[in-house]
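What follows is each chain in one-letter form.
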Amino acid sequence: MTERDVDRAIDRAVRSMMNVEPDAGTTRRVLASLRHPEPVVFRWTWAAAAAAAIALAVLLMRGIPLSPEPELVRTPAVPQPTAVARAPEPGDAPGTPSPQGVERRTGLPPERPAPSVEHPETIPALSALDPLVVPVPTAADIEPDAVDVAPLPPIPDLHIEPVPLPPGSRD
Amino acid sequence: MTGTEPEPQIDLELVRLAQVGDDAAFGELVERNRRAVYRAAYAALGSAADADDVVQDAFVAAYRRLRSFRGDSSFRTWLLSIAWRKAMDRRRSVTRWMRLTVTHDRFEDGATDVVERVPALEPSTDERLESAELQRHLRTMIATLPRKLRDVLLLAGSGEHSYEEIGGMLSIPVGTVKWRASEARRVLRKKLTALGYGHD
């Protein structure tokens, strides 16, 4: 191939790659979008939705809980009063029914007066706690007790008896 | 308007009409320039669907900015600059990158078969096969050229854009446009020689 052939081949390749035509409805679509422009709010809604989806995906991928776990608050158990039959006392008015009597007749618990709560103007400060005093350990405190090891008994001498050779064997 | 008026003059008159709200005049501007805009977008993106979207975006943007057009350059150059910027934005967009990694649709439209359908001067079967193979190699090489070289080569070869227009679109001097086109050819020639299509 000559250089001219190569150049011609390049021209043909470029022309073939660029031999494209726009869609026939381009003008109509452009004019339609000018008459009915996409509302800005609508576009922002899409953008916000996409951002929210990405944020959600990131959170899920990182394993972060979506909301903090509710804190468990332990409330002290309030002792429920037990119904104890009470004998009428001499001071009771004769027509006044006892609370237990009301409960028995109506099936509803009698109204109890709300406990009065005092709201002091000032709350006394908590008394200061004494600091914990921890003695500093010394070397003697942490030194272990001496360990006595008894010496092992001496090893007795070993005597090895010669193995008797069978009769007729050569030395 | 008369039939003897030069093209930029016709565009300018249509722009003046569109600037005072004549939508039909703007429609005429779209019709006259849509192919040039489409081919520019296609050269940048290599995808018919992306190029269609860019054409639409570019014309809508041009319509909205039409009042700011003062006629310092031709309407066509001004419009192509807008379209090129839109195409670059799309080329950099993450969504397009993700789609391309799945579909690989760059420069794979039916238009690539045009050369193979048009035999030149009754060549033999062997010559036709060799030519088709060469064209396939060349298209792959062009698609993998560095972007700066490829953009200029394709824009210049589209038959729609002069070197001056390309310079205006890419915001580079005409001399740089010519150098890039020449360099693209040099790189392609070198690769072809390496494949055995060397000079005699």
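Residues numbered from 1 in each chain as written. Chains lettered and ligands numbered in written order. Predicted model: local features only at pLDDT ≥ 70, side-chain atom pairs only at ≥ 80, totals over all residues.

## Some details on the overall build of chain A
Each helix and strand counted, chain A has five helices and zero strands in total. Of the regular secondary structure in chain A, the N- to C-terminal order runs α-α-α-α-α. (Helix = DSSP H or I, 4+ residues; strand = E, 2+ residues; numbered from the N terminus.)

## So, the overall build of chain B
Each helix and strand counted, chain B has 10 helices and zero strands in total. Element order for chain B, N to C, with α for helix and β for strand: α-α-α-α-α-α-α-α-α-α. The buried share of chain B, reckoned over its 200 residues, is 33%. (Buried ≥ 20, exposed ≤ 12 C-beta atoms within 10 Å, placed from the backbone.)

## Focus: the interface of chain A and chain B
At the interface, 27 residues of chain A touch 40 residues of chain B. Counting only elements with at least two residues in the side of chain A that touches chain B, the list comes to α1 (3-17) and α2 (26-35) of chain A. With 12 residues, α1(A) is the single largest residue contributor to the side of chain A that touches chain B. Broken down by class, the residue content of the side of chain A that touches chain B amounts to 13 nonpolar, six polar and eight charged. (Contact = placed C-beta atoms within 7 Å. Nonpolar A, V, L, I, M, F, W, Y, C, P; charged D, E, K, R; others polar.)

## Some details on helix α1 (residues 7-19) of chain B
Residue and element names in this part refer to chain B. Spanning 13 residues, α1 covers 18 Å between terminal C-alpha atoms, matching the ideal 18 Å at 1.5 Å per step. Those residues of α1 that fall on the buried side of the exposure criterion are Asp11, Leu14, Val15 and Ala18. Buried residues of α1, viewed axially, fall in a sector of 105 degrees; they line one side. On its buried face, α1 sits against α2 (23-45) and α4 (75-92). Within two residues after α1, Gly21 carries a phi angle of roughly 100 degrees, on the positive side. (Expected span 1.5 Å × (residues − 1). Arc of directions from axis to C-beta.)

## Focus: unusual backbone geometry
Trans is the common state for peptide bonds, and a negative phi is the common state for residues other than glycine. Residue and element names in this part refer to chain B. Of note in this structure, Ser171 is not a glycine but carries a positive phi near 55 degrees. By secondary structure assignment, the location of Ser171 is in the loop between α9 (163-170) and α10 (174-194). Among the residues examined, Ser171 registers 9 C-beta atoms within 10 Å and is labelled exposed.

## A word on the confidence of the model for chain B
All names here are of chain B. When pLDDT is averaged along chain B, the result is 83, and 77% of the positions lie at 70 or above. Of all the helices and strands in chain B, helix α6 (residues 114-117) carries the lowest mean pLDDT, 38, while helix α8 (residues 147-157) carries the highest, 95. Below a pLDDT of 50 lies the segment residues 109-121, which in the model reaches 17 contacts outside its immediate sequence neighbourhood of four places, other chains included. Confidence metrics for the complex model read pTM 0.58 and ipTM 0.79. (pLDDT = per-residue confidence, 0-100.)

## Structural notes on the packing of α2(B) against α8(B)
Residue and element names in this part refer to chain B. Running from N to C, α2 and α8 point in directions that differ by 150 degrees, and their axes come no closer than 9 Å. The angle between the axes of α2 and α8 places the two elements in the roughly antiparallel class. Once α2 is placed against α8, the crossing between them reads as right-handed. Side by side, α2 and α8 meet where Ala40, Ala43 and Ala44 of the first sit next to Asp151, Leu154 and Leu155 of the second. Within the contact of α2 with α8, the residues separate by chemical class into five nonpolar, no polar and one charged. (Axes fitted to C-alpha atoms, helices over the stretch in contact; angles between N-to-C directions. Parallel < 35°, antiparallel > 145°, perpendicular 65-115°, else oblique. Left-handed = near helix turned anticlockwise from the far one by under 90°.)

## Considering the nonpolar core
Residues and elements named next belong to chain B. By size, the foremost hydrophobic cluster in this structure holds 53 residues, and its most contacted members are Val37, Ala40, Ala41, Tyr42 and Ala83. With 12 residues, the top contributor of residues to this core is α2. Every residue in contact with Ala83, bar those within four places of it in the chain, is listed here: Val37, Ala40, Ala41, Val54 and Ala58. (Core = buried A, V, L, I, M, F, W, Y, C linked by C-beta atoms within 7 Å.)

## Details of the packing of α1(A) against α10(B)
Direction vectors running N to C along α1(A) and α10(B) enclose 115 degrees, while the axes themselves pass 11 Å from each other. As the angle between them shows, α1(A) and α10(B) are arranged roughly perpendicular. The hand of the α1(A)/α10(B) crossing is right-handed. Contact with α1(A), carried on its side by Val6(A), Asp7(A) and Ile10(A), involves Arg185(B), Leu188(B), Arg189(B) and Leu192(B) of α10(B) and no other residues of that element. In terms of residue class, the contact of α1(A) with α10(B) is built from four nonpolar, no polar and three charged.

## Details of the confidence of the model for chain A
Detailed reading of the predicted model is not advised wherever pLDDT is low. Averaged over chain A, the pLDDT score is 73; the fraction of residues at 70 or greater is 57%. Ranking the elements of chain A by mean pLDDT puts helix α4 (residues 99-106) of chain A last, at 52, and α1(A) first, at 90.

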